[in-house]
Amino acid sequence: MRRQTYEVPSKDREIFIDPPPGRILELIHSNKSKFGKGVLQYAPIICGIPFRKFRSMVRREVLQKAIEYTKKITGNEQRATSDETIIQTGYQPTFYHPGIWLKNHLAYHIAKRVNGTSINISIDNDVCHENWIYVPTPTHPSPLEGEDKVGGREITLEKIEFVERGANLAFEALSFGDANRVISFRDKVLACLNRSVSGGSETFEKFANLMIDASIRLRRTNIGEILTIARRKFEDSFGIYNLEVPVSKICECDSFLIFFLAILSDCRRFASIYNCTLGFYRKAHKLRSKAQPLPDLMVDKNMVEVPFWAWRRGEPRKRLFVSAAGGADNKHVDLIYENQVVLAFDIEGKVGVETQLVRLKELVNSGIKIRPRAITNTMFSRLFFSDLFIHGIGGARYDVITNSLIKDFFGVEPPDFLTASATLYLPFQGFDIIPLRRTDLNAHRLLLRDMHYNPEKYLAAHLKTDKEISTLIMEKQKIIGSTWIQNHTEQLRNFKRIREINSILECKLLPYSEQEKTELKRMERLVLQNEIMRNRTYPFCIYPESLLKDFYGKHSLLPGW
């Protein structure tokens, strides 16, 4: 497996797109040709359905879900057909930073260029690991004085929760409670922004009011839906009109459930390919942990783990297993959830996919949610739905695994994807950037360490000529040079003597060393300020709207389009 690396953009207003914009149309054409007539004549049958027919089914059903969901958000109906070129991206329904939000803009502009449809998938089946945002706020009064000040103030980060965290709960299971929680969250953020980011408070107030409107007027309480609605409506002022659909809605489609059945029916082969692929990835990237980048699927005698999550309402996500012990011919499998058989399938018998589908729907309607894991979700989208998938750098790093799974399990050449990210810094008002980095701190720490263990190197010339001090220096050098000493008692005695000499000499350095320690503390504070001001992961909704519109202009992202 070839090692794939991507560098996160490090400079302000830097945009990373791979392949470059000039090759995007070629990429789309290449992907579409992979699924063209004649190319897939040896493609697999998905639960009795020919590959091309199944792909058309997925595109039709998911598009319909997206049209219905987007209409509920905007009140307007957008038209799209499965014959159109589909440009897709997706992310968790949380606060996007500018590098993530870039994908939504690219998806829309590319789709418009090819007269296609752009769609954003809200990955609401992911666990909400971060239920807060960091908001920069100045401290008063500033502890930095005189020439060492940073715009006369220091900046700290205020951690503000937007929802109570549930243990291992997916976004689709988390609720704001009521509009008062959203209002309180808005006011806390604004109190910080009004004193730090010029223009940021106006943008956030607009975004937060969209959240409040979704909570009150549309009567939504789910955190994922509220954030998705607010972002989608906010994008209207940028001329971005993507379709939106959460993974939870896609999982209601017959085609998704058939996809689930296809992997279920060949779970042992899938798990073998999956685990081998992860092993190759770990070897290529020199990873020792079996949990990185993802844990293996469990295979134990007749028990096989499948790459999907399951849970009941209000519960955390749980793993799903299949037991092939239902019959001597292994044509029967049992779906196991929480150590109980919840459904038995006849995978190669007379029972057709329609009957299996009906029984699976009955299980879902009983309250058990079935959701794809990260790689399974991406595989479903790239292979059966989109003509071009836009990844962020994080997702792209892992999708070499998805490529291998698509090729080895389905026997299909995987479609290529686009990788995009960006860095946009907040425009802090009244704060200066001091050119200091962590490496500068390390150099200064090494200096102080050396002053502790080799103080004689830093003594002033007149002190080195002092008879008492010069005698101590000569004694230390003599001890260090006595490498022939083997006796442990003597070695211990000499070690203690060197420490005593260092302590005496270090006292002579006190004014100088204290000055350097003070300088280190100053540098540490300044480096922290720089890192706060050059953090690329702040939510886009705390940036001035004028800055965002200038940055995300089509000709800035896709020059020549």
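Scroll up a little and you will see the structure.
Computed from a predicted model, the values in this text were never measured in an experiment.

Procedures and definitions
- Residues numbered from 1 in each chain as written.
- Predicted model: local features only at pLDDT ≥ 70, side-chain atom pairs only at ≥ 80, totals over all residues.
- Heavy atoms only, no water.
- Helix = DSSP H or I, 4+ residues; strand = E, 2+ residues; numbered from the N terminus.
- Buried < 20%, exposed > 50% of the residue type's maximum accessible area, 1.4 Å probe, protein only.
- Contact = heavy atoms within 4.5 Å.
- Areas by Shrake-Rupley, 256 points an atom, 1.4 Å probe, with all protein chains shown as cover.
- Lys, Arg positive; Asp, Glu negative; His and termini not counted.
- Charge placed at Lys NZ, Arg CZ, Asp CG, Glu CD.
- Salt bridge = Lys/Arg side-chain N within 4 Å of Asp/Glu carboxyl O.
- Disulfide = S-S within 2.5 Å.
- Pairing = 2+ DSSP bridges.
- Axes fitted to C-alpha atoms, helices over the stretch in contact; angles between N-to-C directions.
- Core = buried A, V, L, I, M, F, W, Y, C linked by side-chain atoms within 4.5 Å.
- Phe/Tyr/Trp six-rings, centres within 6.5 Å; stacked < 30°, edge-to-face > 60°.
- Lys NZ or Arg CZ within 6 Å of the ring centre and 35° of its normal.
- Expected span 1.5 Å × (residues − 1).
- Parallel < 35°, antiparallel > 145°, perpendicular 65-115°, else oblique.
- Nonpolar A, V, L, I, M, F, W, Y, C, P; charged D, E, K, R; others polar.
- Right-handed = clockwise from strand over helix to strand, strands pointing away.
- Polar contact = N/O pair within 3.5 Å; in protein donor to acceptor, adjacent residues only side chain to side chain.

J.: Which residues make up the overall build of the protein, and what values go with them?
T.: Check the secondary structure of the protein and you find 19 helices and 16 strands. Counting over 561 residues, the protein shows a buried share of 52%. When contacts within the protein are restricted to residue pairs at least 6 apart in sequence, those whose partners lie at least 24 apart make up 73%. Split by element, the accessible area of the protein, about 27,000 Å² in all, is 50% carbon and sulfur. Between the averaged position of the 81 positive side-chain charges in the protein and that of its 66 negative side-chain charges there is a distance of 3 Å.

J.: So what's going on with the pattern of salt bridges? Residues and values would help.
T.: On inspection of all chains with the given rule, the structure shows 38 salt bridges. Of the charged contacts, one joins R23 and E26 as a salt bridge, the two residues approaching to 3.9 Å between their closest N and O atoms. When its relative accessible area of 41% is taken as the criterion, R23 is described as partly exposed. The residue R312 makes a salt bridge to E338 at a minimum N-O spacing of 3.3 Å. Of this pair, R312 sits in strand β10 (residues 303–312) while E338 sits in the loop between β12 (332–337) and β13 (340–346), placing them 26 residues apart in sequence. We classify R312 as partly exposed; its relative accessible area is 30%. The exposure class of E338 is partly exposed, given its relative accessible area of 38%. In the salt-bridge network here, residues are joined through shared partners; they are R312, E315, K318 and E338.

J.: I'd like a description of the state of the cysteines, backed by residues and values.
T.: Simply put, disulfide is the name for a covalent bond between the sulfur atoms of two cysteines. Under the criterion given, the structure shown has zero disulfides. Not part of a disulfide, C276 finds its nearest cysteine sulfur in C267, a span of 15 Å.

J.: Tell me what's going on with the sheet that holds strand β5 (residues 117–122), and back it up with residues and numbers.
T.: Here six strands make up an open sheet; going across it, the order is β1-β16-β15-β4-β5-β8 and the pairing mixed. Each edge of the sheet is formed by a strand with only one pairing partner; in this case those strands are β1 (14–18) and β8 (243–246). Each strand axis lies, on average, 25° off the axis of its neighbour in the sheet, ignoring direction. Examined bridge by bridge, β5 and β8 share four bridges and lie parallel to one another. Considered in β8, the bridge of I119 is made with L243.

J.: Could you give an account of the environment of N442, with specific residues and numbers?
T.: Looking at the secondary structure, you find N442 in helix α13 (residues 438–453). For N442, a relative accessible area of 40% translates into the label partly exposed. Each C-alpha atom, one on N442 and one on L520, is 9.7 Å from the other, the two residues being 78 residues apart in sequence.

J.: Can you break down unusual backbone geometry residue by residue, with the values?
T.: Cis peptide bonds are those with omega within 30 degrees of zero, and the linkage from D18 to P19 qualifies with -5°. If you trace the backbone, P19 turns up in the loop between β1 and α1 (24–34). Of note, the amide linkage connecting Q292 to P293 takes the cis form, showing an omega dihedral of -10°. Mapping P293 onto the fold places it in the loop between α9 (267–285) and β9 (299–300). The backbone phi angle of R13 is positive, close to 70°, even though this residue is not glycine.

J.: Requested: an account of the nonpolar core, with residues and values cited.
T.: By size, the foremost hydrophobic cluster in this structure holds 73 residues, and its most contacted members are F259 and F384. Setting aside residues no more than four positions away along its own chain, F384 makes contact with I46, F51, F54, R55, V58, R59, F259, M379 and F410. Grouped together as the second largest cluster of nonpolar side chains are 68 residues, I160, M211, I212 and L548 included.

J.: Give me the side chain of E235: which residues, what numbers.
T.: Looking at the secondary structure, you find E235 in helix α6 (residues 223–236). Among residues more than four places away in sequence, those in contact with E235 are W101, N104, I240, N242 and E244.

J.: Requested: an account of the packing of aromatic side chains, with residues and values cited.
T.: Enumeration over the complete set of coordinates arrives at 34 aromatic pairs. Arranged with centres 5.0 Å apart and planes meeting at 75°, the rings of F551 and Y552 form a pair that is edge-to-face. The residues F551 and Y552 share a single accessibility class, namely buried. Just above the ring of W561 sits the side chain of R113; from NZ or CZ to the centre is 5.5 Å.

J.: Help me get a handle on helix α3 (residues 98–113), residues and values and all.
T.: The end-to-end C-alpha separation of α3 is 22 Å, in line with the 22 Å expected for 16 residues at 1.5 Å each. Of all 16 residues making up α3, 14 are buried, and the element is well covered by its neighbours. In the segment just after α3, N115 is the residue with positive phi, at about 55°.

J.: Tell me about the packing of helix α2 (residues 51–74) against helix α8 (residues 254–265), and name the residues and values.
T.: Where α2 contacts α8, the axes come no closer than 8 Å and their chain directions differ by 135°. Taken as axis vectors, α2 and α8 run oblique relative to one another. Contacts between α2 and α8 involve F54, M57, V58 and E61 from the first element and D254, S255, I258 and F259 from the second. Within the contact of α2 with α8, the residues separate by chemical class into five nonpolar, one polar and two charged.

J.: With reference to specific residues and values, describe the packing of α8 against helix α10 (residues 353–365).
T.: In a packed pair of helices, the relevant descriptors are the angle between the two axes and the axis-to-axis distance. Across the interface, α8 lies against α10 with an axial gap of 10 Å and an inter-helix angle of 105°. Here α8 lies roughly perpendicular to α10, going by the angle between them. Where α8 approaches α10, its residues D254, L257, I258, F260 and L261 are matched on the opposing element by V353, Q356, L357, L360, K361 and V364. In terms of residue class, the contact of α8 with α10 is built from eight nonpolar, one polar and two charged.

J.: Explain the pairing of β5 to me, and be specific about the residues and the numbers.
T.: For β5, a buried count of six out of six residues is recorded, marking the element as mostly surrounded by other parts of the structure. As defined by bridge partners, strand β4 (residues 86–91) adjoins β5 across six bridges and the pair is classed as parallel. Bridge pairing links I86 to T117 in β5. Handedness of the crossover joining β4 and β5 through α3 is recorded here as right-handed.

J.: Now, about the side chain of S255: what can you tell me, with residues and values included?
T.: Considering the arrangement of structural elements, one finds S255 in helix α8. Taking relative accessible area as the criterion, S255 reaches 0% and is therefore assigned buried. A polar atom in the side chain of S255 sits 2.7 Å from the side chain of E61.

In short, geometric facts, not functional conclusions.
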